[in-house]
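Chain by chain, the residues run as shown.
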Amino acid sequence: MNKKYFLMVLLVLVAWVGRAQTAPDTVTINFQLASKAKGETAGGLYPDFLTFGAPSLQPVTDSNGRWTVRIPAYRTLHVKVWNQNKIQRVVGREIHLFCRPGTETNILLDDINNRCTFTGENAEAHQAQVDHPLEIVYFNGKMDDMEIGAAAQSIRAIHELNLQRIDSLCNALPTLPDGYVEALRAIANYGFGKNMTENVIGHFQQNMSRFIEQGNKLPKEYIDLLHEAETHELMHPNKWITRDAIFYFSNMMSLEALAQNGIVQEILDDGGDDFQLSQLKQYCSLIDALDASDEVKQMMKTYSFLKYCELDLTPQREEYLRSQLSAEWLGRLRFHINESLAAKAQYEAISDKEVEALAKKSIEKLEDGKDIFQKLIAPYRGRVVYVDFWGTWCAPCMKEMEYVKMLHEALKGLPVTYMYFANKSPKEAWVKATQRFGLDGKDCVNLRLSDRQQQAVEDYLNIATFPTYLLVDTKGTIVNDNAPRPSSASSLREVVEKILHEGLGGIVGEAP
C-alpha cells in the first residue's frame, strides 16, 4: 500500500470514528423480597451525567416478590433506593448503591426476619451501610430566612459534624470496608458543596435587583462562599461521584458565570445567526477557566449544549463541539440526541385515519399505552390538554391539588381540558379527592384506569415521578413533558397561551 493511499484510508477511518455513537453500558439492580409479596413499590434516584438530571425509579415487585431495574451508565452510579413499607422498615433508611457500568447488584430483603443482604457489585460496602449505619445529615432549614453568612456557618458546622462522625465510626470499627468509608465521605462532601451553592443562589435571587443597581457585580462575600464550595476534591473526583454532584456542578457553573461575567451578561455574538451557539461558546469558555478535572469539564460542556441547543446538532454546532469534546463524549451526546429524537417521535400526533380507527375500538380492550392515551385525548383536538399524573398516596401530588381551583381560575377563558390520571388510588379515596379539589368540574376528565392500562400509559409516556404534568397541543402532539405545576399558575398560562398562539394561527380565543 503506498503512502498516499494509506493516509487517505487513515483519514476516512478517523472521520468515521469521529461520528461514532457511544451507547451507555448498563447497571442492573435485582431486588428480592423473602415474603414474595406482590405489588410492593420502591422508590429510586440516580444521576444522569449528560443532562445533569436525577431520573426516578419506581419498580414494583412481581408475583415472586422481585423487581429488576437496568440503568444506562457511562461511569459508576450512585443509586438511592427506598420503600417505606419494606426497605425502610427493615433497614431503617434508604439504601445507597455504588455500581460500575456492566455490573449487577443484588438485594435480598428478608422482610420476615428483618435482615438485608447484598451480593454482586460492592457487596461488602453495601452490606456495611446496613450493619453499621451512619446517616449523613444535610442542612434542612430554610436558608432564605437566615443571613447568608449565618446559613454558611450552619452548613460548615453540619459538614464538620458529618466528618467527625465518619472518623469516629472508622476508629470504632477499623475493619470497615474502604468502599463504605469512601461512599460516606463522598456523600458528605458533595452534600456540603450542594448546600453551600444553594445558599449563595438563594440569597442572590432575593437580592438580584439591588446588586444590579449597585454595579452588576456579585458581592465579594458571595464569591468567597462560592470558592469555599469549589474545593479541589469536588472538582477533581477520584472514584465516586454522588448524586448530589449533579446539582453541585450545575449550581457551580451558574455561579461562576455570575462571578466572572456579571449579573446581566452580554452574550458575545460569535455564533453568527446562531444565538444558542453564541451562548454555548461563552459557557464553554467559562468552563475552561474552572479548576476542574477533564471529566467534569466534559460533563459540563455536554450539559451546556443540551441546555442551550437542546437536541438540534447542526453541522456548525457539531464543528464547534469537535474542538471542545473528546470523541467519546461527542459520541455519547450523539447517542443521547438520537435516542431522544426517537422517543419524541412517539409523542407526535397520530393521523386522522388512526383517530378514526381508535374511535371504533372499546377502551377496555386496548392494551398498548400509546393507543390508550391517544384515544383518551382524541376528543379534545382543537384544545390544549393539561395532563396530571397523580395518586392519592402521593403527598406532593396532594399538596399541588390544593392549587387546582386557583389554576382553573387562572386559565379561565382559554380552551383547556384538564385530564387527571390517578395511579394506584383506592376508589373511595379517589372519589373524595376529586370532589374535594374540584377535579370533577367543567372541562375536567377524571381517569382511574385498571393497573394494567395505567402502567401501559405510564410506560408509553415514560412517567417516573409523581406528580408529573404534560401539555398536549391542539393537534394532539405532546409538546411539554415537564409542564408547570398548578402552584405555578401564571407560568402555566404563559406556556398555554404560547401553544395556542402557535397552533391557532396566532389567535387565542375564548373557550367554547
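Numbering of residues starts from 1 in every chain and runs along the sequence as written. For a predicted model such as this one, the threshold for reporting local features is a pLDDT of at least 70, and the threshold for listing and counting side-chain atom pairs is 80 or more; totals across whole chains, interfaces and linings nevertheless cover every residue. Side-chain descriptors were evaluated using all non-hydrogen atoms of the structure, hydrogens and water having been removed beforehand.

**Student:** Mind showing me how you'd approach the overall build of the protein here?
**Tutor:** Helix and strand assignments come from DSSP, with helices taken as H or I runs of at least 4 residues and strands as E runs of at least 2, each series counted from the N terminus. The helix and strand inventory of the protein stands at 19 helices and 13 strands. For 512 residues, the compact-globule estimate of 2.2 N^0.38 gives 24 Å, and the C-alpha radius of gyration of the protein, at 25 Å, lies within 12% of that figure. Expressed along its principal axes, the backbone C-alpha trace of the protein runs to roughly 70 × 65 × 65 Å. Counting the 512 residues in the protein, one finds 50% classified as buried. Once local pairs closer than 6 in sequence are excluded, the contacts in the protein between residues at least 24 apart make up 70%. Areas reported here follow the Shrake-Rupley algorithm with a probe of radius 1.4 Å; residue values treat only the protein chains shown as occluding. Element-wise, carbon and sulfur atoms account for 50% of the exposed surface of the protein, whose accessible area totals about 25300 Å². Just to be clear, the radius of gyration here is over C-alpha atoms, and the globule rule we use is 2.2 Å times residues to the power 0.38. Classification of residues uses two cut-offs on accessible area relative to the type maximum, computed with a 1.4 Å probe and protein chains only: under 20% is buried, over 50% is exposed, and between them is partly exposed. For this analysis, residues touch if any pair of their heavy atoms sits within 4.5 Å.

**Student:** How should the side chain of Asn207 be read in this particular structure?
**Tutor:** Assignment of secondary structure puts Asn207 in helix 5 (residues 178-213). The class of Asn207 is buried, set by a relative accessible area of 18%.

**Student:** In this structure, what is going on with the state of the cysteines? I would like to understand it.
**Tutor:** Note on disulfides: each one is a pair of cysteine sulfur atoms within 2.5 Å. In the structure shown here, the tally under the stated rule is one disulfide. The disulfide bridge from Cys394 ends at Cys397, spanning 2.4 Å between sulfur atoms. Residues Cys394 and Cys397 are joined by a disulfide whose S-S torsion is about 80°; by sign, that bridge is right-handed. With a relative accessible area of 1%, Cys397 lands in the buried category. The cysteine Cys99 is free of any disulfide, with Cys116 supplying the nearest cysteine sulfur at 13 Å. Residue classification places Cys99 among the buried residues on the basis of a relative accessible area of 0%.

**Student:** Looking at this model, I keep getting lost on the packing of helix 4 (residues 148-172) against helix 5. Mind explaining?
**Tutor:** In helix packing, the relevant descriptors are the interaxial angle and the interaxial distance, both defined with respect to the helix axes. Simply put, an axis is a line fit to the C-alpha atoms, just over the touching stretch for a helix, and the angle between two N-to-C directions goes from 0 to 180 degrees. For the pair helix 4 and helix 5, interaxial distance at closest approach is 10 Å and the crossing angle is 175°. Compared by their axis directions, helix 4 and helix 5 come out roughly antiparallel. Across from Ile148, Ala151, Ala152, Ile155, Arg156, His159, Asn162, Leu163, Ile166, Asp167, Leu169 and Cys170 in helix 4, the residues of helix 5 making contact are Tyr180, Val181, Leu184, Arg185, Ala188, Asn189, Phe192, Asn195, Met196, Asn199, Val200 and His203. Only Asp, Glu, Lys and Arg are considered charged, only Ala, Val, Leu, Ile, Met, Phe, Trp, Tyr, Cys and Pro nonpolar, and every remaining residue, Gly among them, polar. In terms of residue class, the contact of helix 4 with helix 5 is built from 15 nonpolar, six polar and three charged. For classification purposes, angles smaller than 35 degrees are called roughly parallel, those larger than 145 roughly antiparallel, those between 65 and 115 roughly perpendicular, and all remaining angles oblique.

**Student:** It is not clear to me how the side chain of Thr105 should be interpreted in this structure. Could you clarify?
**Tutor:** By the element assignment, Thr105 lies in strand 7 (residues 104-110). With sequence-adjacent residues up to four places away left out, Thr105 is seen in contact with Thr28, Ile29, Asn30, Leu97, Cys99, Thr119, Glu121 and His126.

**Student:** Just checking my understanding: could you explain the pattern of salt bridges for this structure?
**Tutor:** Opposite charge on two side chains allows them to pair when their charged atoms are near. Any Lys or Arg side-chain nitrogen found within 4 Å of a carboxyl oxygen on Asp or Glu counts as a salt bridge. Across all of its chains, the model carries 21 salt bridges by this definition. Between Glu228 and Arg156 there is a salt bridge, and its shortest N-O distance comes to 2.7 Å. Placement of Glu228 in helix 6 (residues 220-229) and of Arg156 in helix 4 is noted, with a sequence separation of 72 residues between them. Salt-bridge contacts for Arg334 lead to Glu318; the nearest nitrogen and oxygen are separated by 2.6 Å. Linking Arg334 in helix 12 (residues 327-345) with Glu318 in helix 11 (residues 315-322), this pair joins segments that are 16 residues apart in sequence. A single network of salt bridges, built from pairs that share partners, joins Asp274, Asp312 and Arg317.

**Student:** Sorry, what's going on with the sheet that holds strand 6 (residues 95-99) here?
**Tutor:** Each strand in a sheet pairs with another by means of backbone hydrogen bonds, the pair being arranged parallel or else antiparallel. When DSSP finds two or more bridges between a pair of strands, those strands are recorded as paired. Pairing is antiparallel in the open sheet, where four strands are placed in the order 3-2-5-6. Lying at the two open borders of the sheet, with one neighbouring strand each, are strand 3 (56-57) and strand 6. By the bridge criterion, five bridges tie strand 5 (residues 77-82) to strand 6 in an arrangement that is antiparallel. Within strand 6, the position partnered with His78 by the bridge is Phe98.

**Student:** Can you help me understand the packing of aromatic side chains in this one?
**Tutor:** Ring pairs (aromatic) are described by centroid distance and by the angle formed between their planes. What counts as a ring pair is set by centres within 6.5 Å for rings of Phe, Tyr and Trp (its six-membered ring), and what kind of pair is set by the plane angle: stacked under 30 degrees, edge-to-face over 60, tilted for all other angles. A full pass over the atoms with the stated rule returns 17 aromatic pairs. Here Tyr386 and Tyr418 contribute two aromatic rings whose centre-to-centre distance is 6.4 Å and whose plane-to-plane angle is 85°, an arrangement assigned as edge-to-face. In this pair, Tyr386 sits in strand 9 (residues 384-390) while Tyr418 sits in strand 10 (residues 416-422), placing the two residues 32 residues apart along the sequence. By relative accessible area, which is 1% here, Tyr386 ends up buried.

**Student:** What am I meant to see in the sheet that holds strand 1 (residues 25-33) here?
**Tutor:** Spatially, the four strands line up as an open sheet ordered 4-1-7-8, and their pairing is mixed. With one partner strand each, in any of the chains shown, strand 4 (66-73) and strand 8 (115-120) form the two edges of the open sheet. Recorded for the sheet is a direction-independent mean angle of 15° between the axes of neighbouring strands. Each of strand 7 and strand 8 touches helix 3 (residues 123-131); the most contacted strand, strand 8, lies at about 165° to it.

**Student:** Just to check I follow, could you spell out helix 11 for this structure?
**Tutor:** Because an α-helix completes one turn every 3.6 residues, residues spaced three or four positions apart along the sequence face the same direction. Looking only at helix 11, the buried set comprises Arg317, Glu318, Tyr320 and Leu321. All buried residues of helix 11 project into a common sector of 160° when viewed along the axis, lining one side. When the buried face of helix 11 is taken as reference, the exposed residues oriented beyond 90 degrees from it are Pro315 and Glu319. Here the arc refers to the directions that run from the helix axis out to each C-beta atom.

**Student:** Where do I start with the layout of surface pockets in this structure?
**Tutor:** Leftover empty space is mapped by rolling, across the atoms, a probe with the size of a water molecule. Note on definitions: the grid is 1 Å and covers protein atoms alone; a cavity is a set of points where a 1.4 Å probe fits but cannot get out; a pocket is an open set with protein on both sides within 12 Å along at least five of seven lines; lining residues have an atom within 4 Å of a point. Grid points are joined across faces, edges and corners, and a volume is the space filled by probe spheres set on the points. Here the second largest pocket defines a volume of roughly 310 Å³. Considering the residues around the second largest pocket, the lining is formed by 24 residues, among which His78, Arg93, Glu94, His96 and Ile187 are closest to the centre. Mapped onto the lining of the second largest pocket, the elements with two or more residues apiece are strand 5, strand 6, helix 3 and helix 5. Here the lining of the second largest pocket gets five residues from one element, more than from any other, and that element is helix 5. When the residues that make up the lining of the second largest pocket are grouped by side-chain class, the tally is 11 nonpolar, seven polar and six charged.

**Student:** Would you explain the nonpolar core in this entry?
**Tutor:** Note on soluble globular proteins: their nonpolar side chains tend to be buried together. Judged by nonpolar contacts, the single largest core of 84 residues is most densely connected at Ile29, Val79, Leu97, Met235, Phe249 and Met300. With nine residues, helix 8 (residues 244-261) is the single largest residue contributor to this core. Setting aside residues up to four positions removed in sequence, Met235 forms contacts with Glu230, Tyr248, Phe249, Met252, Leu290, Asp291, Ala292, Ser293, Val296 and Met300. Residues belong to one nonpolar core when they are buried, are Ala, Val, Leu, Ile, Met, Phe, Trp, Tyr or Cys, and are joined through side-chain atoms within 4.5 Å. Core analysis: the next-biggest nonpolar cluster, separate from the first, contains 53 residues, Phe389, Phe437, Leu449 and Phe466 among them.

**Student:** Looking at this structure, I do not really get the environment of Lys475. What am I missing?
**Tutor:** Within the secondary structure, Lys475 is located in the loop between strand 12 (468-472) and strand 13 (478-480). Along the chain, Lys475 and Pro174 lie 301 residues apart, while their C-alpha atoms are 64 Å from each other.

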